[in-house]
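A closer look at the structure
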Amino acid sequence: MSNKTKVAIIAANGGLFDAYKVFNIASAAAASDAEVGIFFTFEGLNLIHKEAHKNLPLPEGKEHFQEGFQKANVPSIEELVEVATEMGVKMIACQMTMDVMSLDKDQFVEGIEVGGAATFIDYAKDANITLSF
Amino acid sequence: MDIKANEVLDAKGLACPMPIVKTKKAITNLEPGQVIEVQATDKGSTADIKAWAQNTGHHYLGTIEDGDVLKHYLRKATDEETKEERKHEDIVDLDELRKVIEGDEEVSILDVREPAEYAFGHIPGAVNIPLNELEERFEELNKDKGLYVICRTGSRSDFAAQKLANNGFKNVKNVVPGMSSWEGKTEKDN
């Protein structure tokens, strides 16, 4: 379509529920031909951390949902990150948070970019949909 | 009902957003105008597929429930359909067609859409020959009777009307815009 919808997402939390919210919306949008960018900041960085994103915690007291995820055959976060990458979702890791937490770019999944708040603002300034999780 | 599709995608057992993601990938490999059947068990997939089609410009034909499986039918959009230019000069609009159907004159309606589109709703009595089979099936049609050719938006029927006129059909009319705006009676295949 000529007028591409642009979606800008901020991922600031690091739990399994947060990850699903972010990646479900992002991949559905990308599949619908939207341009999608996600800015990962603070605990949101867990969602794209090579090790952490494979084993994200459920909220305290909600551990029993683990079974529900399996029963409903919900894709793993690993799988959704792959799908998102494959469909061209732009993923930006927050430089400042990485510095605070002493993290390097190579500790994150392939294909991400690193940038600051201004990078996200520049991307999001003409977005049609802006979401924060 | 038995619907012909060029491609069948098995998305059974997959949860949101995977049916949409898989559909997106599968439709990329189709030729414009081809029909895909998406089999899903995700109950939200009917609403999702419809919304997805609206945003991507592909054409949602309909859904059939087969036990627990939802079979969604989509037709990949073509560039030609968005072009306004038409070459067959003898055109009628939908109101005229409706009057002709209600009148006494004996006419034939030829629906040149894909069988899957036809199956989800066509004018009662319309004969279905998809555009790409038309040349091999001229003999099924009467050259001397008035022939009203219809598709979804008037573009495939324009090609069909040109082909018919060039092959000795004397009274061929292209119905515009087509089934996308038809509000008269329709029937479905069972």
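My aim in this report is to walk through the structure given alongside it, one point at a time. Values in this document were obtained by computation on a predicted structure and should not be read as measured data. (Residues numbered from 1 in each chain as written. Chains lettered and ligands numbered in written order. Predicted model: local features only at pLDDT ≥ 70, side-chain atom pairs only at ≥ 80, totals over all residues. Heavy atoms only, no water.)

Looking at the packing of helix α1 (residues 16-31) of chain A against helix α3 (residues 77-86) of chain A
Residue and element names in this part refer to chain A.
- Put simply, α1 and α3 touch, their axes get as near as 10 Å, and they point 30° apart. What the angle tells us is that α1 and α3 run roughly parallel. Relative to α3, α1 is oriented so that their crossing is left-handed. Contact residues: α1 offers Leu16, Ala19, Tyr20, Phe23, Asn24 and Ser27, while α3 offers Ile77, Leu80, Val81, Val83 and Ala84.
- Classifying every residue of the contact of α1 with α3 gives nine nonpolar, two polar and no charged. (Axes fitted to C-alpha atoms, helices over the stretch in contact; angles between N-to-C directions. Helix = DSSP H or I, 4+ residues; strand = E, 2+ residues; numbered from the N terminus. Parallel < 35°, antiparallel > 145°, perpendicular 65-115°, else oblique. Left-handed = near helix turned anticlockwise from the far one by under 90°. Contact = heavy atoms within 4.5 Å. Nonpolar A, V, L, I, M, F, W, Y, C, P; charged D, E, K, R; others polar.)

Here's the deal with the sheet that holds strand β5 (residues 91-93) of chain B
Residue and element names in this part refer to chain B.
- Here five strands make up an open sheet; going across it, the order is β5-β9-β8-β6-β7 and the pairing parallel. Each edge of the open sheet is held by one strand with a lone partner, namely β5 and β7 (127-128).
- Judged from the five bridges that link them, strand β6 (residues 107-111) and strand β8 (residues 146-150) form a sheet pairing that is parallel. Note on β8: the bridge partner recorded for Asp111 is Ile150.
- Running at roughly 85° to β5, helix α3 (residues 94-102) makes contact with β5, β6, β8 and β9 (172-176) of the sheet.
- Strands in contact with helix α5 (residues 156-166) are β6, β8 and β9; relative to β9, the strand with the most contacts, it is inclined by about 175°. (Pairing = 2+ DSSP bridges.)

What to know about the pairing of strand β1 (residues 7-11) of chain B
Residue and element names in this part refer to chain B.
- Alignment of β1 against strand β2 (residues 35-40), held across five bridges, turns out to be parallel. When the sheet's bridge partners are listed, Val8 is paired in β2 with Glu37.
- What joins β1 to β2 is helix α1 (residues 18-28), and the crossover it makes is right-handed. (Right-handed = clockwise from strand over helix to strand, strands pointing away.)

Section: the nonpolar core
- One finds Phe23, Val36, Ile38, Phe40, Ile48, Ile77 and Met91 of chain A to be the most contacted residues of the largest nonpolar core, which totals 49 residues.
- The greatest single-element share of this core, amounting to nine residues, is contributed by α1 of chain A.
- Among residues more than four places away in sequence, those in contact with Phe40 of chain A are Ala11, Phe23, Leu45, Leu47, Ile48, Met91, Ile92, Ala93 and Cys94 of chain A.
- Judged by nonpolar contacts, the second largest core, of 15 residues, contains Leu147, Ala160, Ala161 and Leu164 of chain B. (Core = buried A, V, L, I, M, F, W, Y, C linked by side-chain atoms within 4.5 Å. Buried < 20%, exposed > 50% of the residue type's maximum accessible area, 1.4 Å probe, protein only.)

Considering the environment of Leu61 of chain B
Residues and elements named next belong to chain B.
- Within the secondary structure layout, Leu61 lies in strand β3 (residues 59-66).
- Linking Leu61 and Gly121, residues 60 residues apart in sequence, is a C-alpha distance of 9.1 Å.
- Residue contacts for Leu61: discarding those within four places in its chain leaves Val35, Tyr73, Leu74, Arg75, Ala116, Glu117 and Phe120.

Some thoughts on the interface of chain B and chain A
- Listed per partner, the contact involves 14 residues of chain B and 17 residues of chain A.
- For the chain B and chain A pair, buried surface summed over both sides reaches about 1,200 Å², with 61% attributable to carbon and sulfur atoms.
- Sorting the residues of chain B by area buried against chain A places Pro17, Met18 and Lys24 of chain B first, and these three jointly supply 33% of that buried surface.
- There are two salt bridges connecting chain B and chain A. (Buried area = accessible area lost by both parts, 1.4 Å probe. Salt bridge = Lys/Arg side-chain N within 4 Å of Asp/Glu carboxyl O.)

What to know about the pairing of β9 of chain B
Residue and element names in this part refer to chain B.
- With five of its five residues buried, β9 lies for the most part within the structure.
- Where β5 meets β9, three bridges bridge the pair, whose relative direction is parallel. Bridging across to β9, Val92 finds its partner in Val175.
- Here β8 pairs with β9 via three bridges, running parallel. For Leu147, the partnering residue across the bridge sits in β9 and is Val172.
- As a crossover connection, the stretch from β8 through α5 into β9 is right-handed.

Topic: the packing of α3 of chain A against α1 of chain B
- Contact geometry of α3 of chain A with α1 of chain B gives a least axis separation of 12 Å together with a crossing angle of 35°. Every pair of crossing elements has a handedness; the one defined by α3 of chain A and α1 of chain B is left-handed. Residues Glu79, Leu80, Val83 and Glu86 of chain A of α3 of chain A pack against Met18, Val21 and Lys25 of chain B of α1 of chain B.
- Its residues assigned to classes, the contact of α3 of chain A with α1 of chain B comprises four nonpolar, no polar and three charged.

Some details on the packing of aromatic side chains
- Counted by the stated rule, this structure contains seven aromatic pairs over all chains.
- On the basis of an interplanar angle of 15° and a centroid distance of 4.8 Å, the ring pair of Tyr20 of chain A and Phe69 of chain A is categorised as stacked. In this pair, Tyr20 of chain A sits in helix α1 while Phe69 of chain A sits in helix α2 (residues 65-71), placing the two residues 49 residues apart along the sequence.
- Using a relative accessible area of 18% as the deciding quantity, one classes Phe69 of chain A as buried.
- Chaining the aromatic ring pairs together yields one cluster made of Phe17, Tyr20, Phe65 and Phe69 of chain A.
- A cation over a ring is seen here: Lys143 of chain B above Phe169 of chain B, with NZ or CZ 5.5 Å from the ring centre. (Phe/Tyr/Trp six-rings, centres within 6.5 Å; stacked < 30°, edge-to-face > 60°. Lys NZ or Arg CZ within 6 Å of the ring centre and 35° of its normal.)

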